[in-house]
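# Coordinate inspection notes
Listed below are the residues making up each chain.
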Amino acid sequence: GNKIRNAKLVLLGDVGAGKSSLVLRFVKGQFVEFQESTIGAAFFSQTLAVNDETVKFEIWDTAGQERYHSLAPMYYRGAAAAIVVYDITNPASFTRAKKWVQELQAQGNSSTVVALAGNKADLLETRQVQIEEAKTYAQENGLFFMETSAKTAINVNDIFYEIAKRLIQG
Ligand code: GDP
Ligand code: MG
């Protein structure tokens, strides 16, 4: 029979990096130019079939505002996976992403699969974070890395699929 595996997944990253947009693209196949800011956190679920297994993602999309920081551990503790998102046009968001990775490595669960997403990859003309820099950082910190675009859908399903594969492989 087809096994269903529940997987709690949390999105972390700066306000405006595109966390909610990535979830909206993955769950509903949509994109909006003026995505409303998330308050607290929002919950979504979506299943993904990988070979003969089904992963049911239980997705927590966090706000990213500093004033909600103290809530973050509720979402990343016990998470099977985390996607740390930054905006390739915003170096401060990359710095913030590294802080989230540090916090996950210090306070989180060592078995959590952590992905780094360099989002807004469609905005190449205004890129400020070089792909090589992010790749090297990800390698050094045991993360897997993809540049994504919630707008064009590039690598969005792929990042969730790659996480699902890693969860199944254990
Ligand atoms: P969050 O605060 O991390 O949840 O970010 P949002 O999902 O609310 O996105 C912030 C803004 O960036 C919104 O205006 C989105 O339309 C825009 N945005 C999100 N992802 C992309 C993307 O991949 N490309 C472009 N060009 N804009 C994006
Ligand atoms: Mg949001």
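The rules we used
Residues numbered from 1 in each chain as written. Chains lettered and ligands numbered in written order. Predicted model: local features only at pLDDT ≥ 70, side-chain atom pairs only at ≥ 80, totals over all residues. Heavy atoms only, no water. UniProt positions renumbered as here; feature names shortened; annotations may be inferred. Salt bridge = Lys/Arg side-chain N within 4 Å of Asp/Glu carboxyl O. Helix = DSSP H or I, 4+ residues; strand = E, 2+ residues; numbered from the N terminus. Pairing = 2+ DSSP bridges. Axes fitted to C-alpha atoms, helices over the stretch in contact; angles between N-to-C directions.

Under the Sequence similarities (unreviewed entry) heading, UniProt states for the protein chain: "Belongs to the small GTPase superfamily. Rab family." On record in UniProt, under Subcellular location (unreviewed entry), the comment for the protein chain is "Endomembrane system".

## Re the pattern of salt bridges
In the structure shown here, the tally under the stated rule is eight salt bridges. A salt bridge links R96 to E66; the nearest nitrogen and oxygen atoms lie 3.4 Å apart. A residue pair is termed long-range when its members are at least 10 positions apart, and R96 in helix α3 (residues 91-107) and E66 in the loop between β3 (53-62) and α2 (72-76) qualify at 30 residues. Residues joined by salt bridges that share partners form a network here, namely E162, K165 and R166.

## Topic: the sheet that holds strand β6 (residues 144-147)
Strand pairing in a sheet takes place through backbone hydrogen bonds and is either antiparallel or parallel in direction. One open sheet holds the six strands; their spatial order is β2-β3-β1-β4-β5-β6, and the pairing between them is mixed. Two strands lie at the open edges of the sheet, namely β2 (41-50) and β6, each paired on one side alone. Within this sheet the neighbouring strands show an average axis-to-axis angle of 25°, counted without direction.

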